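Commentary on secondary and tertiary structure
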Amino acid sequence: MTQINENYLKLTGGYLFSEIARLVKTFREENPSANLVRLDIGDVTEPLAPAVIQAMHAAVDEMAVRSSFRGYGPEQGHGFLREAIAKNDYQSRGADIDASEIFISDGSKCDSGNILDIFGADNVVAVLDPVYPVYVDTNVMAGHTGPADAAGRYGGLVYLPVTAENNFVPDLPRQRVDLIYLCYPNNPTGVVASKEMLQRWVDYAHQNGSTILYDAAYEAYITDPSIPHSIFEIDGARDVAIEFRSFSKTAGFTGVRCAFTVIPKGLKGKTQDGREASIHSLWNRRHNTKFNGVSYPVQRGAEAIYSPEGRQQVRATIEIYLTNARLVREALKKLGIQAYGGVNAPYVWLKIPGSLSSWDFFNKLLREANVVGTPGSGFGACGEGYFRLSAFNSRANVEEAGKRLAKII
Ligand SMILES: *Cc1c(COP(=O)(O)O)cnc(C)c1O
């Protein structure tokens, strides 16, 4: 028989959300009349902005006519979208990023996993704990780790705890690391990174020759003007960082699929014999070979987010989620539950009262309140005793969840 990639066998359990889906399905089968409120998955619920729909319709009409029909586009994305991003997301915030440094893609989940294609297997990789599981699992699949221990931690990875004890600010690694995954506003904790904190990481990366993989998927939820939206707002970041951005949470594109990765031209890696190589060139080569671009109507839809109407409409939707997050926070506060995040992010991270484990609390909420959340331990050993509630739902459902929680806690 054909050999498999045995690294996949090291993966513990299912992908967190598949595991939750399985438990919810079983519960539904056993309790067909239960009306579940789902505050677990990080998926948007509001429809696309009218400006996006209009632009996508117009693009589809172009495709229907020989003279305006388009086949393959550039693998890196259309110039109109790359220019709009460079100008609106970076240059307008004082971040020196050129359109040619932006690679349009079908998702940040995909990019943050695929990026490992261009990095060596012997790099020491650091992740926060708790963490977005994709960073860890893709390193396991790529063979960068040993097996998992009893707590679910993979050998070879450097885990940086983020808990209430350190105010969710990770310490710099004590040892040298090559690749560091940072995600701000953070999934799952909903906390943000200050300029000073990011500067410490950029300085660390300079001193240690490391690369920061910065996931800013929730950048649009930042309301505090002192919080940076991009790692490239930090001095020196162009030499040490890659940034992932997505239209998924910004503009409800989870089912449409469009994102981008920013790789500054000067970012360098090295070969085993010590020669320098351009990371931008490697990613460009990878994109050319393994990717054929995002569909034209989708890129036109994404471009429309930067129009005055698009911007306003997208903002209004984000405000809905942020208000939901505030309602969740307030409901928890009334119950005396300590909660974090949810101010510049659509996630609220709560400390489970008493001594229940994250999965015990998941089951209690599911069975007694018919509310689904995400167990903190699913994001890492340091997430044990915590629980994530998402603001991605209708106002009515968020309010209903608050009432139900009050009855059981
Ligand atoms: C939702 C999310 C993304 C976006 O992924 P897409 O593939 O672009 O939909 C990226 N990173 C994190 C941490 C997320 O939660």
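Residues numbered from 1 in each chain as written. Predicted model: local features only at pLDDT ≥ 70, side-chain atom pairs only at ≥ 80, totals over all residues. Heavy atoms only, no water.

Time to look at the domain arrangement of the protein. Quite often, the size of an interface is put as the accessible area lost when its parts meet. Domains assigned within the protein are domain 1 (6-47 + 309-408) and domain 2 (53-307). The straight-line distance from the C-alpha centre of domain 1 to that of domain 2 is 25 Å. The partner domain 2 presents 49 residues to the 35 residues of domain 1 that form the contact. At the junction of domain 1 with domain 2, the criterion picks out 0 salt bridges. Summed over the shared surface of domain 1 and domain 2, the number is 19 residue pairs in polar contact (both at pLDDT 80 or more). Put simply, the parts of the chain that give the side of domain 1 that touches domain 2 at least two residues each are helix 10 (308-334), strand 11 (339-341), strand 12 (347-351) and strand 15 (386-390). Among the elements that make up the side of domain 1 that touches domain 2, the one with the highest residue count is helix 10 (8 residues). (Domains from an automatic or database assignment. Contact = heavy atoms within 4.5 Å. Salt bridge = Lys/Arg side-chain N within 4 Å of Asp/Glu carboxyl O. Polar contact = N/O pair within 3.5 Å; in protein donor to acceptor, adjacent residues only side chain to side chain. Helix = DSSP H or I, 4+ residues; strand = E, 2+ residues; numbered from the N terminus.)

What follows concerns the site of the ligand. Close to the ligand lie 14 residues, the nearest being Asp215, Tyr218, Ser246, Ser248 and Lys249. Measuring from an oxygen atom of the ligand, one finds a side-chain N or O atom of Ser246 at 2.7 Å. Isolated, the ligand exposes 390 Å² of accessible area, and the fraction of that covered by the protein chains is 93%. Looking at the shell around the ligand, the elements with two or more residues in it are helix 4 (108-114) and helix 7 (247-251). Class assignment of the residues belonging to the shell around the ligand gives a composition of 5 nonpolar, 5 polar and 4 charged. (Near = heavy atom within 4 Å. Areas by Shrake-Rupley, 256 points an atom, 1.4 Å probe, with all protein chains shown as cover. Nonpolar A, V, L, I, M, F, W, Y, C, P; charged D, E, K, R; others polar.)

This part covers the layout of surface pockets. The gaps left among the atoms become clear once a water-sized probe is rolled over them. Of the pockets and cavities examined, the largest pocket occupies roughly 660 Å³. Every element with two or more residues in the lining of the largest pocket is listed here: helix 6 (195-208), strand 9 (268-270), strand 10 (276-278) and helix 8 (279-290). Split into classes, the residues belonging to the lining of the largest pocket amount to 10 nonpolar, 10 polar and 7 charged. Space inside the second largest pocket adds up to approximately 560 Å³. (1 Å grid on protein atoms, 1.4 Å probe; cavity = no way out; pocket = protein on both sides within 12 Å on 5 of 7 lines; lining within 4 Å. Points joined across faces, edges and corners; volume = space filled by probe spheres on them.)

Considering the arrangement of structural elements, one finds Lys249 in helix 7. Side chain to side chain, Lys249 and Tyr218 meet in a polar contact 3.0 Å long. Those residues in contact with Lys249 that sit more than four places away from it in its chain are Gly42, Val44, Ala217, Tyr218, Tyr221, Thr254 and Phe392.

Before going further, it helps to examine the sheet that holds strand 7 (residues 241-246). Taking strand neighbours across the sheet as the criterion, the 7 strands line up as 2-8-7-6-5-3-4 in an open arrangement whose pairing is mixed. Strands at the two margins of the open sheet, each flanked by one partner only, are strand 2 (102-105) and strand 4 (158-161). On average, each strand axis in the sheet is inclined to that of its neighbour by 20 degrees, with strand direction left out of account. Relative to strand 8 (residues 259-262), strand 7 is paired through 4 bridges, and the arrangement is antiparallel. Residue pairing in the sheet places Ser246 in a bridge with Ala259 of strand 8. (Pairing = 2+ DSSP bridges. Axes fitted to C-alpha atoms, helices over the stretch in contact; angles between N-to-C directions.)

Quick look at the nonpolar core now. Membership of the largest hydrophobic core comes to 99 residues, with the highest contact counts inside it found for Ile212, Phe247 and Phe253. Composition of this core by domain shows at least three residues from each of domain 1 (6-47 + 309-408) and domain 2 (53-307). The contact partners of Phe247, leaving out residues within four places of it in the chain, are Leu81, Ile85, Gly252, Phe253, Cys258, Ala259, Phe260, Ala302, Ile305 and Tyr306. Grouped together as the second largest cluster of nonpolar side chains are 26 residues, Ile115, Val127, Val134 and Phe244 included. (Core = buried A, V, L, I, M, F, W, Y, C linked by side-chain atoms within 4.5 Å. Buried < 20%, exposed > 50% of the residue type's maximum accessible area, 1.4 Å probe, protein only.)

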